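Residue-level listing of the chains:
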Amino acid sequence: AVADEAAVAAGAVAGKAVAATGAALLVKNVATMSLAKDMWATYSGLLSVYPLATKSVTGSFLYSLSDGIAQKATAAKASADEDDADETSADDAADRDESREIDRGRVARFAAWGPIDAFMTTAWYGVLDSWTEAVFPPDAASAADPDAVAGVATHAANWSKVAFEVAVDQTVYCPLWFLVFFSFTGIWERRPAVETATRIKIVPAVTTSWWIWVPVMTVSFGFVPSELRVPYYLVASFAYAMLLSALWGDAGAGEERSEEDA
């Protein structure tokens, strides 16, 4: 009888512990959702009151963070490759440890590029909107859209308009973006103009980027509200900026190795 009572008591304690844990998790989830909603409301408010400043800060933060992550990933890969190689001397090990450190100059460069990118993209979307309205007048778009409500066309349903915006964005703005980006990088690194020009590969950069940006921009022009397109673009650029950082770093490292060999 005593054993049965002890088992019942233990079961009750366990049940209370499970209930308390579940309640704590529920409170945590609710608090997290509430915090996320509050943060989004704050960001949306800043975006409506200070649109360009908010986009610039967002771009600076995301680009610098992506470059830091890219550097860490590249250093980790290089470290793993070196660990698989033969034993190195103490000097080589010291050089290797030094190379693993974050290049703050590169992080600062990407942080400076963020506001430039945000400003360029905001200005470009204004130009693109004017071109789109010229090709697809609002009245014509509304008449062509069967899902129009109260004479207002649903943007996502007008896929001919979306296709036009994506095509113009990727054939006009994308090459210009790469030209400005690599030119800015060359100026930041104080490289001669001729050397910067040799490192700029517009055609392969643009055509390669289409695999990523055509679907990304299709979603942007098809479903994202116009006031959120630049933040959406900057968030999408987070992963792409890591690729750019790694590619530019590899190009610079390759040139340095060539100069040492010469």
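Caption draft 1: Here's a closer look at the pattern of salt bridges. The final tally for this structure, using the stated rule, is six salt bridges. For the salt bridge of E189 with R199, the shortest nitrogen-to-oxygen distance reads 3.5 Å. Note that E189 is positioned in the loop between helix 6 (159-188) and helix 7 (193-199) and R199 in helix 7, a separation of ten residues in sequence. By relative accessible area, which is 27% here, E189 ends up partly exposed. Accessibility expressed as a relative area gives 9% for R199, which makes it buried.

Caption draft 2: Highlighting the packing of helix 4 (residues 104-135) against helix 6. Between helix 4 and helix 6, the shortest axis-to-axis distance is 10 Å and the interhelical angle comes to 150°. By the criterion of interaxial angle, the relationship of helix 4 to helix 6 is roughly antiparallel. You can see that helix 4 and helix 6 cross each other, and the crossing is right-handed. In terms of residue class, the contact of helix 4 with helix 6 is built from 20 nonpolar, four polar and six charged.

Caption draft 3: Expanded view of the environment of L62. With respect to the helices and strands, the residue L62 is situated in helix 2 (residues 51-84). The buried category is assigned to L62, whose relative accessible area is 14%. C-alpha of L62 to C-alpha of A236: the two residues are 174 residues apart in sequence and 9.7 Å apart in space. If we ignore the near neighbours within four places in the chain, the residues touching L62 are L234, V235 and F238.

Caption draft 4: Highlighting the nonpolar core. With 31 residues, the main nonpolar core has Y63, W177 and F178 as its most contacted residues. Mapped by element, the contributors of at least two residues to this core are helix 2, helix 4, helix 6, helix 8 (202-223) and helix 9 (229-261). Here this core gets ten residues from one element, more than from any other, and that element is helix 6.

Definitions and limits used
Residues numbered from 1 in each chain as written. Predicted model: local features only at pLDDT ≥ 70, side-chain atom pairs only at ≥ 80, totals over all residues. Heavy atoms only, no water. Salt bridge = Lys/Arg side-chain N within 4 Å of Asp/Glu carboxyl O. Helix = DSSP H or I, 4+ residues; strand = E, 2+ residues; numbered from the N terminus. Buried < 20%, exposed > 50% of the residue type's maximum accessible area, 1.4 Å probe, protein only. Axes fitted to C-alpha atoms, helices over the stretch in contact; angles between N-to-C directions. Parallel < 35°, antiparallel > 145°, perpendicular 65-115°, else oblique. Left-handed = near helix turned anticlockwise from the far one by under 90°. Nonpolar A, V, L, I, M, F, W, Y, C, P; charged D, E, K, R; others polar. Contact = heavy atoms within 4.5 Å. Core = buried A, V, L, I, M, F, W, Y, C linked by side-chain atoms within 4.5 Å.

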